[in-house]
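Single-letter residue listing:
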Amino acid sequence: DVIETWPKGNTDVRIGDYMFRPHQKWTITAAPNAGGYLGAPYYKIVIAGTERALAATKEGELITVPTFTGAAEQLWRIDQLIDGTYRIMPKVVPDSTEKLALVSSGDSTPTLAKFDMNSDNSKWNFKDH
């Protein structure tokens, strides 16, 4: 219902209290023809019901792009950790060799940073709504 009012280009990614808003629902599926790594494929992460894909930027931040193209910065590695949570990492951060993971900054804003196993801000849970 609201998709026509969304910006047409890239948008920043924010996290807030979950209120069942359309931009807060994501679909994670294996990315077609994207290869993978030991034990799993690379995934695409899109806002549910759209092709608006999560992507890493060269600044080490997150955006959504209007359409999933399969570009390396739109591919995500998802690893289950020993405590049952997940680490989410982009295949690449453009113009960088640094390995970064999806983290929440201050328990709200998502960004990319070095993974810290001792920080809940580096770990993610999935729920099927």
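The structure presented is a predicted model; accordingly, all values stated were derived computationally and were not measured. (Residues numbered from 1 in each chain as written. Predicted model: local features only at pLDDT ≥ 70, side-chain atom pairs only at ≥ 80, totals over all residues. Heavy atoms only, no water.)

A. Region of the structure containing the pattern of salt bridges. Per the stated rule, a full pass over the model turns up 5 salt bridges. Ionic pairing is found between D79 and R87, a salt bridge with its closest N-O pair at 2.9 Å. Linked by salt bridges that have partners in common, R77, D79 and R87 make up one network. (Salt bridge = Lys/Arg side-chain N within 4 Å of Asp/Glu carboxyl O.)

B. A look at the packing of aromatic side chains. Scanning the entire structure with this criterion turns up 2 aromatic pairs. One Lys or Arg, R77, reaches over the ring of Y37 and ends 4.4 Å from the middle of that ring. Of note, R87 hangs over the ring of F115, and the distance from its end group to the ring centre comes to 5.1 Å. (Phe/Tyr/Trp six-rings, centres within 6.5 Å; stacked < 30°, edge-to-face > 60°. Lys NZ or Arg CZ within 6 Å of the ring centre and 35° of its normal.)

C. View of the pairing of strand β7 (residues 62-65). Residues L62 and T64 line one face of β7 and the alternating positions I63 and V65 line the opposite face, and both faces are buried. Relative to β7, strand β6 (residues 53-56) runs antiparallel, the two being bridged by 4 bridges. Paired with L54 across the strands is T64, a residue of β7. Remark: 5 residues form the turn of the hairpin made by β6 and β7, two consecutive strands paired antiparallel; G60 in that turn has positive phi of roughly 75°. (Buried < 20%, exposed > 50% of the residue type's maximum accessible area, 1.4 Å probe, protein only. Helix = DSSP H or I, 4+ residues; strand = E, 2+ residues; numbered from the N terminus. Pairing = 2+ DSSP bridges.)

D. Structural context of the side chain of T50. Positionally, T50 belongs in the loop between β5 (43-47) and β6. A distance of 2.7 Å separates a polar atom in the side chain of T50 from the backbone oxygen of I47. (Polar contact = N/O pair within 3.5 Å; in protein donor to acceptor, adjacent residues only side chain to side chain.)

E. Inspection of unusual backbone geometry at higher detail. Phi is positive for N33, which is not a glycine, with a value near 55°. Structurally, N33 is set in the loop between β2 (26-30) and β3 (36-37). Positive phi, normally seen in glycine, also occurs at D95, with a value near 60°. Tracing the backbone through its elements, the reader meets D95 in the loop between β9 (86-90) and β10 (101-105). D95 sits in the exposed class, given a relative accessible area of 74%.

F. Region of interest: the environment of E51. Among the structural elements, E51 can be located in the loop between β5 and β6. For the pair E51 and P66, spaced 15 residues apart in sequence, the C-alpha separation works out to 6.5 Å. With residues near it in sequence (within four places) discarded, E51 still touches K44, V46, V65, P66, T67 and F68. (Contact = heavy atoms within 4.5 Å.)

G. The pairing of β9, seen in detail. Alignment of strand β8 (residues 76-80) against β9, held across 5 bridges, turns out to be antiparallel. Looking at the pairing, I78 lines up with I88 of β9. In this antiparallel pair of consecutive strands, β8 and β9, the connection spans 5 residues, and G84 shows a positive phi of 90°.

H. Just the nonpolar core, in detail. Ranked by internal contacts, the top residues of the largest apolar core, which has 13 residues, are I45, L54, L62, W76, I88, L102 and L112. Looking at this core, the elements with two or more residues in it are β6 and β8. In contact with L54, other than residues within four places in its own chain, are V13, W26, I45, L62, I63, E73, Q74 and W76. Counting residues in hydrophobic clusters, the runner-up holds 12 residues, among them A34, Y37, V65 and F68. (Core = buried A, V, L, I, M, F, W, Y, C linked by side-chain atoms within 4.5 Å.)

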